[in-house]
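Overview (structure and organization)
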Amino acid sequence: MNEEDKKLSIKQKSRRIFLGRSLTAAGAAIAGPSMIQASQEYTDQESAMASSATGETTLQLNINGQSQTLSIEPRVTLLDALRETLGLTGSKKGCDHGQCGACTVLIDNQRVYSCLLLAVMQDGKTIATIEGLANGDNLHPVQTAFIDNDGFQCGYCTPGQICASVALLDEVNNGAVSYVTPDLNSTPQLASLSETEIKERLSGNLCRCSAYNGIVAAVQQVTGQTPLSPAN
Amino acid sequence: MKNFAYSRVSSAEEAVDRSTRDHNALYIAGGTNLVDRLKAFLDEPNQLLDISRLEMKRIESTSNGGLKIGALVTNTDLANHTEVRRQYPMLSRAILSGASQQIRNMATVGGNLMQRTRCSYYYDTAFACNKRQPNTGCPAINGVNRTHAILGASESCVAVNPSDMSVALAALDAIVEVQGEQSQREISFADFHRLPGDTPNRDTHLEPGELITAVILPPLSFARSGVYLKLRDRASYAFALVSVAAVLDLSGEQIRNARIALGGVAHKPWRASEAEAFLQGKTANQSTFEQAADIALQDAQPLLYNGFKVDLSKRAIRRALAVSARGGGIA
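Residues numbered from 1 in each chain as written. Chains lettered and ligands numbered in written order. Predicted model: local features only at pLDDT ≥ 70, side-chain atom pairs only at ≥ 80, totals over all residues. Heavy atoms only, no water.

Attention now moves to the packing of helix α11 (residues 286-296) of chain B against helix α12 (residues 308-325) of chain B. All names here are of chain B. Their axes nearest at 9 Å, the elements α11 and α12 cross at an angle of 140°. Between α11 and α12, the crossing angle belongs to the class labelled oblique. Here α11 and α12 pass one another in a crossing that is right-handed. Note on element contacts: α12 touches α11 through K314, I317, R318, L321, A322 and A325, opposite Q286, F289, E290, A292, A293, D294 and A296. Residues that form the contact of α11 with α12 fall into these classes: eight nonpolar, one polar and four charged. (Axes fitted to C-alpha atoms, helices over the stretch in contact; angles between N-to-C directions. Helix = DSSP H or I, 4+ residues; strand = E, 2+ residues; numbered from the N terminus. Parallel < 35°, antiparallel > 145°, perpendicular 65-115°, else oblique. Left-handed = near helix turned anticlockwise from the far one by under 90°. Contact = heavy atoms within 4.5 Å. Nonpolar A, V, L, I, M, F, W, Y, C, P; charged D, E, K, R; others polar.)

As structure tokens, then:
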């Protein structure tokens, strides 16, 4: 375990340990026996959780260019590992059932729903989240296009929408077809990608504010097309 | 979800061996349906056997001109494969009509065959369900059954199979290759999924421990004009109310052969064999297609809220056949 990993592992457990110790200290200082007993039970619960953690597995992920090692139960989803264990809260939990797209991240450059993936199965993979798209203070062109075209309102679905749009560009460049592609033997080009194609290809990301016109315009801008102004 | 032991297996044989010894183990690959079921407490396995890194990710030509598709090929890779797009467009289009790009990137061919119904009563553990818990009853039969079966259902279960890909595979007479404890075997697609009868807890004819290793597409000279038409409550990212995979083999105006399979109407992909037989030798026109559609739905038994599916299915068949007769494309 390297220094960075130790810090992560400490960060996960430190709050519970702190709470347990504070209760014990407070009990010893000011309370009678019953409260000391209560604090003892709390500490026992802590050790029970620690023993169930024998089911934890250690895995290594490359997230936004950084190698991360984490220990988690097999049932932890990639989304929960990102948000709760690693503190990367950019990927959002919307439905948690693969129906809304707010948790979309890129694994080995392919867009996926992190809420339906077990983190343990991603061992060794390369993951990009919304936090990793910008280059320092320079936004990714898709991020800029979302701002330019009002591609959001409340912003909750936006990290997923942007990750999905980044992948969409790659997919079209690689010749991927969609359900609405008129001729499956003739692959669409980004410069002439129709609005119908963009909507179909982004249908896995819902926007409760219905900022869809702005989202489509943002994608059109990145493909080099001239989007309609939002007022139209 | 309940916790479980997790292990990564290194061969199909190891997977089958371990699964045969522990009937509470489940295979996991893409996990797009299984992880959701685990979250809903529909499945509570002791252990998950991760097969996702096994070598079953290739699409190969077979000696007779068909294709052999590894069970771990993703839905995306299969739909985009050049030969699938060219030779079996109904399969590409069926896969692309299902789920979303994110799910298709994760989901595998084998897993697609194993996905379970999205019946809302099956999904809600507050309700009884013969599929989830045998002999507890079926609230869907007299409940909100707008999305349920009109063909092949039973007193025990009116759920439908949710897969689009399977509808095309049924029309194409695919073969499922499975690895069992003792040996490999091949199952014709028509015999892979099953009707509910009084044991709706079983979706397929797989034996305990058996693992899907590949799906084989036999050559079909006329499949290039095949179409897949999917009708649903919104334009994309929704399960089918009714879907049709259809193709005609024409000699001039005359129909030599036809394939029709329906989705969203039964517990398994529904092959309309009688309608196919009727079409042989007939002239390809609207009146012929209308008669074929009537035959395909003649045994339909709609429930209180899904009567619309009968007419919708007939219209979908007519349109799909007409588009195939014109050479295929978007229906």
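This next bit is on the environment of V120 of chain A. Relative to the elements of secondary structure, V120 of chain A occurs in the loop between β4 (110-113) and β5 (126-128). What makes V120 of chain A buried here is its relative accessible area of 1%. Sequence separation between V120 of chain A and R75 of chain A is 45 residues, and the spatial gap between their C-alpha atoms is 8.1 Å. Every residue in contact with V120 of chain A, bar those within four places of it in the chain, is listed here: T57, L59, I72 and P74 of chain A together with Y6 and R8 of chain B. (Buried < 20%, exposed > 50% of the residue type's maximum accessible area, 1.4 Å probe, protein only.)

All names here are of chain B. Spatially, β1-β3-β2 is the arrangement adopted by the three strands of the open sheet, whose pairing is parallel. At either margin of the open sheet sits one strand with a lone partner, and together these are β1 (5-8) and β2 (25-28). Geometrically, the sheet is characterised by an average inter-axis angle of 25° between neighbouring strands, direction not taken into account. Pairing geometry for β2 and strand β3 (residues 47-50), over four bridges, is parallel. Among the inter-strand pairings, Y27 is bridged to a residue of β3, identified as L49. Against the sheet, helix α1 (residues 12-21) touches β1, β2 and β3, its axis set at about 165° to β3. (Pairing = 2+ DSSP bridges.)

Residues and elements named next belong to chain B. Note that V84 resides in helix α4 (residues 82-87). For the pair V84 and R224, spaced 140 residues apart in sequence, the C-alpha to C-alpha distance is 9.5 Å. For V84, the contacting residues outside a window of four places in its chain are L67, L78, P89, L91 and S92.

Time to look at a nonpolar patch on the surface. A surface patch of nonpolar side chains, about 260 Å² in accessible area, is lined by L139, I147 and F152 of chain A. If you trace the backbone, F152 of chain A turns up in the loop between α4 (141-148) and α5 (158-173). (Patch = residues over 30% accessible without salt bridge, like charges linked within 9 Å, V, L, I, M, F, W, Y side chains within 5 Å. Areas by Shrake-Rupley, 256 points an atom, 1.4 Å probe, with all protein chains shown as cover. Salt bridge = Lys/Arg side-chain N within 4 Å of Asp/Glu carboxyl O.)

As a further point, take the sheet that holds strand β12 (residues 270-271) of chain B. Within a sheet, adjacent strands bond to each other through the backbone by hydrogen bonds, running parallel or antiparallel. Residues and elements named next belong to chain B. With antiparallel pairing, the four strands of this open sheet are ordered in space as β9-β10-β11-β12. At either margin of the open sheet sits one strand with a lone partner, and together these are β9 (227-231) and β12. Note: strand β10 (residues 242-251) against strand β11 (residues 254-263), nine bridges, orientation antiparallel. Among the inter-strand pairings, D249 is bridged to a residue of β11, identified as N257.

Turning to the nonpolar core, a few remarks are in order. Soluble globular proteins tend to bury their nonpolar side chains together. By size, the foremost hydrophobic cluster in this structure holds 43 residues, and its most contacted members are L78, L91, L113, L169 and L217 of chain B. When contributions to this core are tallied by element, the ones reaching two or more residues are β5 (67-70), α3 (75-80), α5 (89-97), α7 (109-114), α9 (165-171), β6 (175-179), β8 (211-217) and β10 of chain B. Per element, the largest residue contribution to this core is six residues, and it comes from α9 of chain B. Residues L61, V76, L82 and I127 of chain A belong to the second largest nonpolar core, which totals 37 residues. (Core = buried A, V, L, I, M, F, W, Y, C linked by side-chain atoms within 4.5 Å.)

All names here are of chain A. Tracing the backbone shows K92 in the loop between α3 (78-85) and β3 (104-107). A polar side-chain atom of K92 sits 3.3 Å from the main-chain carbonyl oxygen of G90. Contacts of K92, omitting those with residues within four sequence positions, involve L79, R83, A102, C103, Y156 and P159. (Polar contact = N/O pair within 3.5 Å; in protein donor to acceptor, adjacent residues only side chain to side chain.)

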